[in-house]
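Architecture and fold: a report
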Amino acid sequence: MNAKLQRWVDECIRLTQPDNVHWCDGSEEEYEKMLPEMLQKGILTELNQKEYPGCYLHRTHPNDVARVENLTFICTSKKEDAGPTNNWMSPADAKAKVGEMFKGSMKGRTMYVIPYIMGPAGSPLSKIGVEISDSLYVVANMRIMTRMGQIALDQLGEDGDFVPGLHSTGELDPNRRFILHFPEESLIWSYGSGYGGNVLLGKKCFSLRIASFMARKEGWMAEHMLILELEDPSGKLTWMAAAFPSACGKTNLAMLVSPLENEGYKVRTIGDDIAWLRIGEDGRLWAINPEAGFFGVLPGTSMETNSSALVTAKSNSIYTNVAVSDNGMPWWEGMGVEPPPILTDWLGNRPWNGEKPAAHPNSRFTAPARQCPCISPRWEDPMGVPISAIIFGGRRAKLTPLVYQSNSWNHGVFIGATMASETTSAAMGKSGVLRRDPMAMLPFCGYNMGQYFDHWIKMGVKASNPPAIFHVNWFRQDKNGKFIWPGFGENIRPIIWMLDRINGKAKGRETPIGTVPTPDSLHMEGLNVSNETLEQLLSINVEDWKAETDSIEKHFQTFGDDLPSELSEELIALKKRLG
Ligand code: OXD
Ligand code: MN
């Protein structure tokens, strides 16, 4: 028995006073015993077992349907260490305030001790976490999203270390809901929510917020990135990692179905959300996907946009907050099929009257990655895969071209640090509002973001052969607000350009913002995009970019003295190039 684990579990028992304690072993038999209990308590309802074997529906409380950035805190002893972009509470205040809520919170309930591994079992790059929760929904999801149970205890051993995370569902009262991170002691506390992103503590809380803090100390990187594998016509494999803010299609890109497969270009998935990167002996960055499952958004997911996600989630998956037909078929907006005549919406209203969306816009599937039809055979490689390109992206109607390459590592870090996305009307009620989301880590960086930029700069010095850095924008619009790039599978074309750039084969045009493809260097055969449109996709408007540098300057001011001088120098250099 691991003494630290036993001590911490005892401490949590004293604090939360559960009626029972169950140590999860992650076995099939264990799940088979839990399932009837979840069905009987209404935590899960069965979906159509003929069409969706092993799939279940879960409904969260209507006030508890998404991550809560305003209730998420980084609790470092000094406020400066959390930085200007995080909510901060002192560890003492946080523990006093939320400790009071945890007191007796599991009375009448069972405490589940959930040991798990982030990363492939046995990998020197993986790390162990233990979540304590009073929610069977958490157990069922952690079983899909991580390597959970005895396998983690075996890897932990008697004196191994782990990240403890305590979760209690509490009263689901938004005024008594807190997601707290104590990076200095690698501890997570989550109270008062039952929504995945707030309670599956291995994901955002550990693998991004706590891990980013650890990574800076230990000289590696924990990033909000998909990892994809590209096979070229010669059969050679290249791996790329990409960071996009929410609602920019990360899962879709990770599972891209190549329209050029007959020419030998094929994409496979390593991960769709998180990458842990370390410098290998060859000076390259090597990445693992710490997760074992996908927690993907359903609305907009169809056989057209992401068939692989639908196939992955066709069995052994949990559907959260979708609508359902009388015969147990899940349904959501943008599924690509007509709704059945009678539908129960995500709130349980039957029949759905069609006035509001039937599925919650943030309804999700939790599905095992190993079921993904395009998962790479290397996805569980204990050493990870070498990354040749890092791709940043955002949703910009006008400004940024389809794809461009940075001039250097530091210029690439500048591109990542100034990344931004315009909100869509569907998401925010107000469209076109610009949100800067550096490296897509704004809600997930576990420490001062200025120091995080500095860590990026230093990693480029330490890695003798770092990846090339690119920026993409699938969302450019014409004067009438119409998207001019088809996106989805066709995104393979800029990806092939990146591959050719890495291999020194593709031409580029040097511009003030970086290197943009020449029109003839993009593989456009078989695609119905006119030369004028292509020109527009690759164009750069100097006046717009000058305005952008003013906005970047304001963004940089947020970080005060913590902004690395290398990034201010990149801004000065960009202004100079713009004239
Ligand atoms: C996610 C997110 O759920 O980034 O992956 O919000
Ligand atoms: Mn994410």
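Everything below is about the structure printed above this text.
The following refers to the structure shown. (Residues numbered from 1 in each chain as written. Chains lettered and ligands numbered in written order. Predicted model: local features only at pLDDT ≥ 70, side-chain atom pairs only at ≥ 80, totals over all residues. Heavy atoms only, no water.)

1. Notes on unusual backbone geometry
Backbone torsion omega between Arg350 and Pro351 reads -5 degrees, so that peptide bond is classified as cis. Turning to its location among the elements, Pro351 is positioned in the loop between strand 22 (343-344) and strand 23 (364-368). The phi torsion at Leu172 lies on the positive side, around 55 degrees, for a residue other than glycine. Structurally, the position occupied by Leu172 is in the loop between strand 9 (163-168) and strand 10 (178-182). Positioned with a positive phi, Ser186 is a non-glycine residue whose angle comes to about 50 degrees. (Helix = DSSP H or I, 4+ residues; strand = E, 2+ residues; numbered from the N terminus.)

2. Observations regarding the packing of aromatic side chains
Taken as a whole and assessed by the stated rule, the structure comprises 22 aromatic pairs. Arranged with centres 5.2 Å apart and planes meeting at 70 degrees, the rings of Phe102 and Trp189 form a pair that is edge-to-face. Highlighted residues: Phe102 in helix 4 (residues 91-102) and Trp189 in strand 11 (residues 187-191), separated in sequence by 87 residues. Classification of Phe102 by relative accessible area gives buried; the value is 0%. (Phe/Tyr/Trp six-rings, centres within 6.5 Å; stacked < 30°, edge-to-face > 60°. Buried < 20%, exposed > 50% of the residue type's maximum accessible area, 1.4 Å probe, protein only.)

3. Description of helix 17 (residues 565-578)
Given a rise of 1.5 Å per residue, 14 residues ought to cover 20 Å, and the 20 Å separating the end C-alpha atoms of helix 17 matches this to within 8%. Of the residues making up helix 17, those classed as buried are Leu567, Glu570, Leu571, Leu574 and Leu578. Along the long axis of helix 17, the arc covered by the buried residues comes to 100 degrees, so they all point the same way. When the buried face of helix 17 is taken as reference, the exposed residues oriented beyond 90 degrees from it are Glu569, Ile572 and Lys576. Two residues or fewer after helix 17 comes Gly579, characterised by a positive phi angle close to 90 degrees. (Expected span 1.5 Å × (residues − 1). Arc of directions from axis to C-beta.)

4. With respect to the coordination of the manganese ion (ligand 2)
Every protein donor of the manganese ion (ligand 2) is listed here as Lys204 (NZ), His224 (NE2) and Asp273 (OD), and their distances to the metal cover 2.2 Å. Sequence positions of the residues that donate to the manganese ion (ligand 2) give the spacing K-x19-H-x48-D. Of this pair, Lys204 sits in helix 8 (residues 202-218) while His224 sits in the loop between strand 12 (221-223) and strand 13 (226-231), and the two are 20 residues apart along the sequence. Residues Lys204 and His224 agree in their burial class; the two are buried. (Donors = N, O, S within 2.8 Å, 3.2 Å for Na, K, Ca; no water.)

5. Side note on the site of ligand 1
Surrounding ligand 1, one finds Arg67, Lys204, His224, Ser246, Asp273, Arg364 and Phe444. Measuring from an oxygen atom of ligand 1, one finds a side-chain N or O atom of His224 at 3.2 Å. Here ligand 1 loses 87% of its free accessible area of 210 Å² to cover by the protein chains. Its residues assigned to classes, the shell around ligand 1 comprises one nonpolar, two polar and four charged. (Near = heavy atom within 4 Å. Polar contact = N/O pair within 3.5 Å; in protein donor to acceptor, adjacent residues only side chain to side chain. Areas by Shrake-Rupley, 256 points an atom, 1.4 Å probe, with all protein chains shown as cover. Nonpolar A, V, L, I, M, F, W, Y, C, P; charged D, E, K, R; others polar.)

6. So, the packing of helix 2 (residues 28-40) against helix 5 (residues 136-145)
Put simply, helix 2 and helix 5 touch, their axes get as near as 11 Å, and they point 140 degrees apart. When the axes of helix 2 and helix 5 are compared, the crossing they make is left-handed. Residues Glu28, Tyr31, Met34, Glu37 and Met38 of helix 2 touch helix 5, and the partners they reach there are Leu136, Tyr137, Val139, Ala140 and Arg143. Grouping the constituent residues of the contact of helix 2 with helix 5 by class yields seven nonpolar, no polar and three charged. (Axes fitted to C-alpha atoms, helices over the stretch in contact; angles between N-to-C directions. Left-handed = near helix turned anticlockwise from the far one by under 90°. Contact = heavy atoms within 4.5 Å.)

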